Amino acid sequence: MTRATEAIGAVRPLWTRVEPAARRVALEGRWLLHAGPPYEPGTPPPPPVLSSAVLACRHEGWARTDDDALALIETGEVHLHPAQACRGVTPLAAIVSPSTAVAVVEDAQGRSPPAFAPLGATRGADLRFGTRDPAILARLARRD
């Protein structure tokens, strides 16, 4: 067995709590976390991620309409960051915003720092699907 395999096998993950993402993320200003690597400066996120980001801005109360949210993203007033840079993981087109309820997982052996992942919304479409279905907003409010 290699050292890497031994290290992976030694981790004892424990789901320790659920809390708002803002408690886990040390970023300033308005931020959203996405899956994958950083986007190139001046390059918009893929359409499904952009749709999820628009709804996340509305969920946070930063914008009342999709157009207002889109303007915040396009002007850089809302910053998109890769989740893994903050020890987070998120699926597909899902977005983690400051109020997103996240599951925190720690290593019982204390060999690695905690990581987190968002809880999904309930009963129906979710941000991870990358649509602008306004019904998602009520599910996000219920989740958080």
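Refer to the structure above for everything that follows.
Throughout what follows, the structure given in this document is the object of discussion.

Basis of the calculations
Residues numbered from 1 in each chain as written. Predicted model: local features only at pLDDT ≥ 70, side-chain atom pairs only at ≥ 80, totals over all residues. Heavy atoms only, no water. Salt bridge = Lys/Arg side-chain N within 4 Å of Asp/Glu carboxyl O. Helix = DSSP H or I, 4+ residues; strand = E, 2+ residues; numbered from the N terminus. Buried < 20%, exposed > 50% of the residue type's maximum accessible area, 1.4 Å probe, protein only. Axes fitted to C-alpha atoms, helices over the stretch in contact; angles between N-to-C directions. Parallel < 35°, antiparallel > 145°, perpendicular 65-115°, else oblique. Left-handed = near helix turned anticlockwise from the far one by under 90°. Contact = heavy atoms within 4.5 Å. Nonpolar A, V, L, I, M, F, W, Y, C, P; charged D, E, K, R; others polar. Arc of directions from axis to C-beta. Pairing = 2+ DSSP bridges.

The next point concerns the pattern of salt bridges. Taken as a whole and assessed by the stated rule, the structure comprises 6 salt bridges. The partner of Arg17 in a salt bridge is Glu106, and the shortest N-O contact between them spans 2.6 Å. A residue pair is termed long-range when its members are at least 10 positions apart, and Arg17 in strand S1 (residues 13-20) and Glu106 in strand S4 (residues 101-107) qualify at 89 residues. For Asp66, the salt bridge identified is with Arg58, shortest N-O distance 2.9 Å. Residue class for Asp66 comes out partly exposed when judged on its relative accessible area of 21%. Accessibility expressed as a relative area gives 25% for Arg58, which makes it partly exposed. If you follow the salt bridges from partner to partner, you end up with Arg17, Glu19, Arg24 and Glu106 in one network.

What follows covers the packing of helix H2 (residues 47-60) against helix H4 (residues 135-143). Closest axis-to-axis distance for the H2/H4 pair is 10 Å, and the angle between their directions is 55°. As judged from the angle between their axes, H2 and H4 are oblique. Judged by the twist between their axes, the crossing of H2 over H4 is right-handed. Note on element contacts: H4 touches H2 through Ile136, Leu137, Leu140, Ala141 and Arg143, opposite Leu55, Arg58 and His59. In the contact of H2 with H4, the residues fall into 5 nonpolar, 1 polar and 2 charged.

Below, the discussion takes up helix H3 (residues 66-74). The set of residues buried in H3 consists of Ala69, Leu70, Leu72 and Ile73. In an axial view of H3, the angular spread of the buried residues amounts to 160°, which keeps them on one side of the axis. Away from its buried face by more than 90 degrees, H3 exposes Asp67 and Glu74. In the core, the buried residues of H3 are packed alongside strand S2 (30-34), H2 and strand S3 (78-82). Of the residues one or two after H3, Gly76 is the one with positive phi, at around 85°.

Attention now goes to the pairing of strand S5 (residues 115-118). Where burial is concerned, the two faces of S5 differ: the one with Phe116 and Pro118 is buried and the one with Ala115 and Ala117 is not. Bridge analysis of S4 against S5 gives 4 bridges, and the strand direction is antiparallel. Along S5, the bridge assignment pairs Val102 with Pro118.

Spatial ordering of the open sheet is given by S1-S4-S5, a layout of 3 strands whose pairing is antiparallel. Of all strands in the sheet, those bounded by a partner on one side alone are S1 and S5. The sheet shows a mean angle of 30° between the axes of neighbouring strands, taken without regard to direction.

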